[in-house]
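# Structural overview
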Amino acid sequence: MTELADRDYFTDHEILVDPYAYFEAVRGKGRVYQPEGKDYLMVMGFEETLEIMRNSEDFSAIIGLQGASAPLPFTPHGPDITAQIEAHRGEFHGGDLLVNLDDNAHVQLRALVNRLFTPSRLKANEEFIQAFSDELVRDAVANGGVELVRTIATPFVTLVIADLLGIPAEDRQKFMDIIQDAPPPGNLDGELDLNAEDHPFMIMGGYFAQYVAERRADPKQDILSELANAVYPDGTLPDEMAIVKLGMFMFGAGQDTSAKLLGNAMRYIVDQPGLQDKLRADPKLVPALIEEVLRLEGSTKQTARLARRDTKIGDIPVPAGTKIMLSIAAANRDPARWEDPQAFKLDRPKIREHVAFGRSAHTCAGAPLARVEVRIILEKLLQYTADIDLDAEVHGPRGARKLDFEPSFIIRGLSELHLKLTPAAGVDLSPGGSPMIQKSVPAASARAVPPAPVSGPVSVPVAGYSTASTKLAKLLSDPGAKAVLDQHFPGITADKRIGMAKSMTLRAIQKFAPGQFTDEALDAVDRDLALLPVD
């Protein structure tokens, strides 16, 4: 029987369930270890991982996506293979994407990314996150439960990054469909060709190519125009394809980090005794929770580097051409760095020193956004519930959970997570309702007070339909209301994209498409809806 430490991490589906036992078995062989019969090194130690992440002179990021087990497209020779890497860059999986770039090419493109993640832009994006997460969580709690990953996490982070990048509202459902159907990066069953016409990246690339061409020909006051016309720090204008691939990568990469982190964090909230009550009592502890989950179970299990010069890891000689797997999950549980590393500790000292988001030149640019996204939606879930639990019929009882993980050697994330949600006493779950728990208001009185509109004046009877309080699904189920919608917004009821918003109100949807759903248009809809009889 093959020893655990010498099983193939890149193909073994059993390691998916508990990669941490595997990493500890490898650590027992050494902090830097070459598995039997393999041509790559595995780095388990925290300090060694930091050393390599900080040394972009000697270590190339070119194999970040394809991983350390994939063969190189050339035979390395000599003490410095930098020129060979560049000559064959197009033959590496995703070799020209941001995550795999080196030197000046990486510096130039990363400068464009940093413009998107300025404090002011993130602050504006946070307003969108607050409003959208509120709608999603209210609906989930009102239903008594939800499948977190596909119903909330993936659409949530997809539309957040779409909002940040300025993806036109009419295309956002298409992007969400593409992301839902996409295989995870680092697929254990083999990567798809990034250049294949049906690859999700290529499909998204077609849209981004159109956006960039249009915004360069006719710039508008939007983020896409800013990105399409941005210049590198040296003053040169990037070619259109560089901007297209940057948009594709950011959109794709933005899903995994945040969506999987939300699911991983929820597991701890549910199964750590007393934790959710502690977080409800003091929501300011949520950021500390996120950091400890990032350390214990971050969204990225490993990344890879290629030694491009003869170098060392510690005192170990490493010839140019050596492939290296950086075991991020192992480094974040290194007993030489962390006291009691397998334990969950909400008040762990110096917790933000973990390497879940990388370090140095290739630190995840979207880390600030991921932290904001997950913090806000966790705060909403805790605020509107008295209790959160996993659905035992699907996942089994506490202590014997049955969980399925994405088949990826890169991503640590659940395929699905079914929650049972108990509403907090007196909480107003109506669309647009007060986020505060109205404990002093009798239930009958609370029901008699109409929810405040999200935006714009609305004159409509409390008992009637309203664009501020009636969910789209209810309007679509009534032939009269459906006719009103089609009269004011031709074709809306047959539009596939509207399916994602059935649990929302039109006033909430207005945030995504203010040009289409103006206050004036929605007021006109309200006037016609007020004339309809309501059951």
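Whatever comes next refers back to the structure up there.
Described below are features of the structure shown in this document. (Residues numbered from 1 in each chain as written. Predicted model: local features only at pLDDT ≥ 70, side-chain atom pairs only at ≥ 80, totals over all residues. Heavy atoms only, no water.)

As a further point, take the overall build of the protein chain. Counting its regular elements, the protein chain contains 21 helices and 10 strands. Taken across its 535 residues, the protein chain has 53% of its residues classed as buried. Within the protein chain, contacts between residues separated by at least 24 positions form 72% of all contacts whose residues are at least 6 apart in sequence. On the protein chain, roughly 22600 Å² of surface is accessible, and the fraction owed to carbon and sulfur atoms is 54%. (Helix = DSSP H or I, 4+ residues; strand = E, 2+ residues; numbered from the N terminus. Buried < 20%, exposed > 50% of the residue type's maximum accessible area, 1.4 Å probe, protein only. Contact = heavy atoms within 4.5 Å. Areas by Shrake-Rupley, 256 points an atom, 1.4 Å probe, with all protein chains shown as cover.)

With that out of the way, let us pick up the sheet that holds strand β3 (residues 59–60). Hydrogen bonds between backbone atoms are what pair the strands of a sheet, whose relative direction is either parallel or antiparallel. Spatial strand order, β1-β2-β8-β5-β3: five strands in an open sheet with mixed pairing. Lying at the two open borders of the sheet, with one neighbouring strand each, are β1 (32–33) and β3. Pairing geometry for β3 and strand β5 (residues 303–307), over two bridges, is antiparallel. The residue of β5 that forms the bridge with Ser60 is Leu306. Running at roughly 125 degrees to strand β8 (residues 323–326), helix α3 (residues 46–54) makes contact with β1, β2 (40–43), β3, β5 and β8 of the sheet. (Pairing = 2+ DSSP bridges. Axes fitted to C-alpha atoms, helices over the stretch in contact; angles between N-to-C directions.)

What follows deals with unusual backbone geometry. The residue Asp103 is not glycine, and still its phi comes out positive at about 55 degrees. Structurally, Asp103 can be placed in helix α5 (residues 103–116). At Ser360, a residue that is not glycine, the phi angle is positive and equals roughly 65 degrees. Mapped onto the elements, Ser360 comes out in the loop between α14 (328–331) and α15 (367–383).

Attention shifts here to the nonpolar core. Ranked by internal contacts, the top residues of the largest apolar core, which has 113 residues, are Phe251, Met266 and Leu378. The element that contributes the greatest number of residues to this core is helix α11 (residues 240–271), accounting for 16 residues. In this view, Met266 contacts Leu148, Leu378, Leu381, Ile388, Leu417 and Leu419; residues no more than four positions away in its chain are not counted. Counting residues in hydrophobic clusters, the runner-up holds 31 residues, among them Tyr33, Leu72, Leu188 and Leu306. (Core = buried A, V, L, I, M, F, W, Y, C linked by side-chain atoms within 4.5 Å.)

On inspection of all chains with the given rule, the structure shows 38 salt bridges. Across the salt bridge formed by Glu379 and Arg375, the nearest N and O atoms sit 3.3 Å from each other. Linking Glu379 with Arg375, this pair stays in helix α15, spanning four residues, or about one helical turn. Residue classification places Glu379 among the partly exposed residues on the basis of a relative accessible area of 24%. As a salt-bridge pair, Arg398 and Asp389 come within 3.4 Å of each other at their nearest N and O atoms. Connected through salt bridges with shared partners, the residues Glu24, Arg27, Arg31, Glu48 and Asp334 form a single ionic network. (Salt bridge = Lys/Arg side-chain N within 4 Å of Asp/Glu carboxyl O.)

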